[in-house]
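Coordinates in review
So the chains spell out like this:
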There are 6 protein chains.
Amino acid sequence: MRPKVTISKKFEFSASHRYWRDDWTEEKNNAAFGLCVSPYGHGHNYDLHVTVSGHIHPQTGMIINLSKLKEIVNEIVDQFDHKYLNLDTPWFKEVIPTTENIAVVLFDLIDEKLKPLSDIFLKHIRLYERSDLYADVWKD
Amino acid sequence: MRPKVTISKKFEFSASHRYWRDDWTEEKNNAAFGLCVSPYGHGHNYDLHVTVSGHIHPQTGMIINLSKLKEIVNEIVDQFDHKYLNLDTPWFKEVIPTTENIAVVLFDLIDEKLKPLSDIFLKHIRLYERSDLYADVWKD
Amino acid sequence: MRPKVTISKKFEFSASHRYWRDDWTEEKNNAAFGLCVSPYGHGHNYDLHVTVSGHIHPQTGMIINLSKLKEIVNEIVDQFDHKYLNLDTPWFKEVIPTTENIAVVLFDLIDEKLKPLSDIFLKHIRLYERSDLYADVWKD
Amino acid sequence: MRPKVTISKKFEFSASHRYWRDDWTEEKNNAAFGLCVSPYGHGHNYDLHVTVSGHIHPQTGMIINLSKLKEIVNEIVDQFDHKYLNLDTPWFKEVIPTTENIAVVLFDLIDEKLKPLSDIFLKHIRLYERSDLYADVWKD
Amino acid sequence: MRPKVTISKKFEFSASHRYWRDDWTEEKNNAAFGLCVSPYGHGHNYDLHVTVSGHIHPQTGMIINLSKLKEIVNEIVDQFDHKYLNLDTPWFKEVIPTTENIAVVLFDLIDEKLKPLSDIFLKHIRLYERSDLYADVWKD
Amino acid sequence: MRPKVTISKKFEFSASHRYWRDDWTEEKNNAAFGLCVSPYGHGHNYDLHVTVSGHIHPQTGMIINLSKLKEIVNEIVDQFDHKYLNLDTPWFKEVIPTTENIAVVLFDLIDEKLKPLSDIFLKHIRLYERSDLYADVWKD
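Below: a short report on this structure. All values derive from a computational prediction rather than experimental measurement.

Cut-offs applied
Residues numbered from 1 in each chain as written. Chains lettered and ligands numbered in written order. Predicted model: local features only at pLDDT ≥ 70, side-chain atom pairs only at ≥ 80, totals over all residues. Heavy atoms only, no water. Helix = DSSP H or I, 4+ residues; strand = E, 2+ residues; numbered from the N terminus. Buried < 20%, exposed > 50% of the residue type's maximum accessible area, 1.4 Å probe, protein only. Pairing = 2+ DSSP bridges. Phe/Tyr/Trp six-rings, centres within 6.5 Å; stacked < 30°, edge-to-face > 60°. Lys NZ or Arg CZ within 6 Å of the ring centre and 35° of its normal. Contact = heavy atoms within 4.5 Å. Buried area = accessible area lost by both parts, 1.4 Å probe. Salt bridge = Lys/Arg side-chain N within 4 Å of Asp/Glu carboxyl O. Expected span 1.5 Å × (residues − 1). Lys, Arg positive; Asp, Glu negative; His and termini not counted. Polar contact = N/O pair within 3.5 Å; in protein donor to acceptor, adjacent residues only side chain to side chain. Least-squares fit on C-alpha atoms with pLDDT ≥ 70 in both. Axes fitted to C-alpha atoms, helices over the stretch in contact; angles between N-to-C directions. Left-handed = near helix turned anticlockwise from the far one by under 90°. Nonpolar A, V, L, I, M, F, W, Y, C, P; charged D, E, K, R; others polar.

Attention now goes to the overall build of chain A. Across its full length, chain A carries four helices and five strands. Along chain A, helices and strands appear, N-terminal first, in the series β-α-β-α-β-α-α-β-β. Each principal axis of the C-alpha distribution contributes one length, and for chain A these read about 60 × 30 × 25 Å. A buried classification covers 59% of the 140 residues belonging to chain A.

Here we take up the pairing of strand β5 (residues 133-138) of chain B. Of all six residues in β5 of chain B, six are buried, a share of seventy percent or more. Burial of β5 of chain B is two-sided: the residues Leu133, Ala135 and Val137 of chain B facing one way and the residues Tyr134, Asp136 and Trp138 of chain B facing the other way are all buried. Where strand β4 (residues 120-130) of chain B and β5 of chain B come together, six bridges link them in antiparallel fashion. Opposite Arg126 of chain B, over in β5 of chain B, you have Asp136 of chain B as the bridge partner. Two successive antiparallel strands, β4 of chain B and β5 of chain B, enclose a turn made up of two residues. The pairing of β5 of chain B with strand β1 (residues 4-17) of chain D spans six bridges and is classified as antiparallel. Its bridge partner lying in β1 of chain D, Ala135 of chain B is registered against Ile7 of chain D.

The subject of this paragraph is the packing of aromatic side chains. Within the structure shown, the criterion is met by 38 aromatic pairs over all chains. Between Phe13 of chain A and Phe80 of chain A, the ring centres sit 5.7 Å apart and the planes meet at 55°, which makes this aromatic pair tilted. Pair noted here: Phe13 of chain A is in strand β1 (residues 4-17) and Phe80 of chain A is in the loop between α2 (66-77) and β3 (83-84), with a separation of 67 residues, a long-range link. According to the relative accessible area criterion, Phe13 of chain A is buried, its value standing at 1%. Within the aromatic cluster, the residues linked to one another by ring pairs are Phe13, Tyr46, Phe80, Trp91 and Phe92 of chain B. One residue, Lys9 of chain A, lies across the ring of Phe11 of chain A, its end atom 5.8 Å from the ring centre. A cation over a ring is seen here: Arg21 of chain A above Trp24 of chain A, with NZ or CZ 5.7 Å from the ring centre.

Turning our attention to the interface of chain E and chain D. Contacts between chain E and chain D engage 23 residues on the former and 23 residues on the latter. For the pairing of chain E and chain D, the buried interface totals around 1800 Å² over both sides, and the portion due to carbon and sulfur atoms is 50%. Joining chain E to chain D, the criterion identifies two salt bridges. Here Glu12 of chain E makes a salt bridge to Arg130 of chain D, at a shortest N to O gap of 2.6 Å.

Once that is clear, we can look at the pattern of salt bridges. Under the counting rule described, the total for this entry stands at 72 salt bridges over all chains. Note that Asp108 of chain A and Arg2 of chain B form a salt bridge whose closest N and O atoms lie 3.4 Å from each other. With Asp108 of chain A in helix α4 (residues 99-114) and Arg2 of chain B in the segment before β1 (4-17), this residue pair bridges two chains. We note a salt bridge from Asp132 of chain C to Lys9 of chain E, for which the minimum N-O separation is 3.2 Å. In this pair, Asp132 of chain C sits in the loop between β4 (120-130) and β5 (133-138) while Lys9 of chain E sits in strand β1 (residues 4-17), so the two residues belong to two different chains. Of the two residues, Asp132 of chain C and Lys9 of chain E, neither departs from the other in class, the shared state being buried.

Turning our eyes to something else, we now look at helix α4 (residues 99-114) of chain E. All names here are of chain E. For α4, built from 16 residues, the straight-helix expectation of 22 Å at 1.5 Å per residue is met to within 8% by its first-to-last C-alpha distance of 22 Å. Across the 16 residues of α4, twelve count as buried, placing the element largely inside the fold. Inspection of α4 places Thr99, Glu100, Asn101, Ile102, Ala103, Val104, Val105, Leu106, Phe107, Ile110, Asp111 and Leu114 among the buried residues, and these make up the whole buried set.

Secondary-structure assignment places Asp81 of chain B in the loop between α2 (66-77) and β3 (83-84). Of the side chains bearing the opposite charge, Arg130 of chain F lies closest to the buried Asp81 of chain B, which forms no salt bridge; the N-O distance is 6.1 Å. Polar side-chain contacts of Asp81 of chain B include one of 2.9 Å to the backbone nitrogen of Ser14 of chain B. Residues within four places of Asp81 of chain B in sequence aside, it is in contact with Phe13 and Ser14 of chain B together with Leu35 of chain F.

The next thing to look at is the side chain of Asn86 of chain B. Residue and element names in this part refer to chain B. With respect to the element layout, Asn86 can be found in helix α3 (residues 85-88). In terms of polar contacts, Asn86 uses its side chain to reach the backbone carbonyl oxygen of Arg18, at 2.8 Å. Leaving out residues up to four positions away in the same chain, Asn86 has contacts with Ser16, His17, Arg18, Phe92, Lys93 and Pro97.

The next point concerns the interface of chain F and chain B. Listed by partner, the interface residues are 24 residues for chain F and 24 residues for chain B. In this assembly, chain F packs against chain B so that about 1800 Å² is buried in total across both faces, 50% of it on carbon and sulfur atoms. Across the chain F-chain B interface, the total number found is two salt bridges. Those elements that provide at least two residues to the side of chain F that touches chain B are β1 (4-17), β2 (42-54), β3 (83-84), α3 (85-88) and β4 (120-130) of chain F.

By a simple turn and slide, chain F fits onto chain B: the slide is 0.1 Å along the axis, the RMSD is 0.0 Å, and the turn is 180°. Given the turn and translation reported, the copies of this chain are related as if by a two-fold rotation axis. Residues of chain F ranked by C-alpha distance from the rotation axis are headed by Gly43 of chain F, positioned 1.6 Å from it. A shared interface surface links the copies, since 100% of the contact residues of chain F are contact residues in chain B too.

On to the packing of helix α2 (residues 66-77) of chain E against α4 of chain E. For any two helices packed against each other, the geometry is given by the interaxial angle and the distance between the axes. Residue and element names in this part refer to chain E. Running from N to C, α2 and α4 point in directions that differ by 140°, and their axes come no closer than 10 Å. Seen from above, α2 lies across α4 with right-handed handedness. Contact with α2, carried on its side by Ile72, Val73, Glu75 and Ile76, involves Leu106, Leu109, Ile110, Lys113 and Leu114 of α4 and no other residues of that element. Among the residues forming the contact of α2 with α4, the class breakdown is seven nonpolar, no polar and two charged.

Quick look at the relation of the copies chain E and chain D now. In the superposition of chain E on chain D (RMSD 0.0 Å, axial shift 0.0 Å), the rotation amounts to 180°. A shared binding surface is used by both copies, with 100% of the interface residues of chain E retained as interface residues in chain D.

Moving on, we come to unusual backbone geometry. Its identity as a non-glycine residue notwithstanding, His82 of chain E has a phi of 60°, on the positive side. Look at Asp119 of chain F: it is not a glycine, yet its phi comes out positive at around 75°. Tracing the sequence through the fold places Asp119 of chain F in the loop between α4 (99-114) and β4.

Here we take up the environment of Leu122 of chain A. All names here are of chain A. Take Leu122: it is sitting in strand β4 (residues 120-130). Its relative accessible area of 4% is what places Leu122 among the buried residues. Considering only alpha carbons, one finds Leu122 and Thr51, 71 residues apart in sequence, at a separation of 6.3 Å. Contact partners of Leu122, with chain neighbours within four places excluded, come to Val50, Thr51, Val52, Phe107, Ile110, Asp111 and Leu114.

Written out as structure tokens, the structure is:
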């Protein structure tokens, strides 16, 4: 049995966000979200690790050409970079842009873009909000 | 099928330990444990990554509120921080405080504390003794 | 001649900012500030290294007690953490919150707070906007 | 049910490589491999994380003695360190020394060396070509 | 007296090199250069930190526009990236490409490019061959 | 005028220490040293950066041969590694093993060892107790 192999690439973006629910009182917002309620948002440098799975191509030695992977993922990451996620993007109108939710949105967006590629599939992503806080998303 | 999600938080503590078995000769201790036999112990900065699994709450966007997670894990980590693990804690009287054993003890302690929380479970921990040496503990 | 000694402590805060001058056209803003003009700001995790100089106290072995240093610097850092620097703080009404300007403001604030302490002076600060971009501020 | 445990150790080596197929035209090589076609090769600092699985020995508290693990893995790593992988080693005559292929070769070499040890098996390796590019290899 | 300020940016390149003097015997080469004599060279990921000094421009808040700095330094770094320094570049025909010598060459090249810019000067560079080995170059 | 050059190498050791003065009451010790008073000590992974200055040798391209530097510094570091600094070493009988004091002791020991080498001198050391706490020692 041959071992399994994946290749992973790190991407980066800087964004700001705010945790706030209009349908909650200020007290309830403060209790749930602490400092993250500050009105104009605050920001982070996010690191995004994207792991893809597939066969190593016998001629190129690659699961996926990194230029291809970078082209696909950067097209998505550019929509998050230097943005205020609540207002500048369409994905966080209804959901709070927590690390968990941002990661799930990114997983879905990348997964959809990679699907047309034969023999490649998105195995896993990890999103770091800081080096000490991160979400993992994957499908079994 | 929705993707799986986890959230992870890093904690830190500094502790010292000694590898030594009284029921072994000095020669056997030296052979098995090398420098780690030094009589007064030696120390490390440990990094502990705690990964929890569960559903993302639709209103808060969180698997677990980080203040809650920090409260729970810090209560445990405080019992290891600035301690000589062999003498200052109850867990390493019978077992050597290797990275593997410390990690298993931490997993069990955190797992027990998280159990009462509905919909959350401890997925995985990783304990770094140094950046180049670490143990992983998890349940399938 | 005795060697010189300093002690340094790292602090962290997350903030968002925007580069924009109302007295410039949009074209001129774009040319000078690129992505950083986005209207609602974007964010970063900042790392702040604070270096203080002084004599090592013969009894405590310390230049400054770290609890004291943390108390002083955190009082300042708390005014930057989880803030939109342009709107939430008083220092960037007239000046653009670039890494250079934020660092100078922080240096002045910390310097002023440390002055009353006898035998201690602020030697140097380094402010990382990202791990690959940072400003240093010091007095000779 | 007892939790699963693994122990991991990081190893390092510096090597150079070239991506080039003699049976392809220069244009095709350039298109597939970009900068990596440069004739004399170029180099990297590789970080190799080796994860082994097994029971924690009740007396030593260890899955494997780290001196033993280091002896075994360094014997392999020494054949990659300070080498031009295409010319100085036997493994990349037919296959391109991409991160994926180097990782698979390393996995097989370490796996073979660890097999004679009872109760230990190679769970996983991760090979970093840079901090932002890495391959994972494992068997289920 | 206003504090001094600098801004620093990290750049990266991957290159390979060999330590060898044709006018020395193999024994003498081995004694001086150890593993670094391997015939086809070996490689590293280099990190280059470039620190520039000057006045903070009152309108932009910047010592130097980072796009300008990146344009200037990348033009130089591109001549080192994915190269075998001994053969692919003109600077190491007579001198051994040690960390010290590469750093001095880089300092001179960047310094010369920055000189035409008024009010800016190159304060310092640091070149990491690995995270645990680096050279610093500066002028007083 | 030629630029100045230094070469720096990182070394590592793990040690434990305790902050305690027998001539003080327990209250005074607690007030000054906090958690660091714990009776059996606690530990850290220390990183020591050693920076040496001198001319680049025209034939070897080196300020100092790294094997020579490693031999000299490791002879000293080995006396700190896996030790309880208060009891296992001679330097902290009278002085508290704070980061500042350990750094000064290391500077003096390395400085003395490097003095016999012609054309080399110890420029600077930095000692990290953690990644967020470090002391610098140097002579002008």
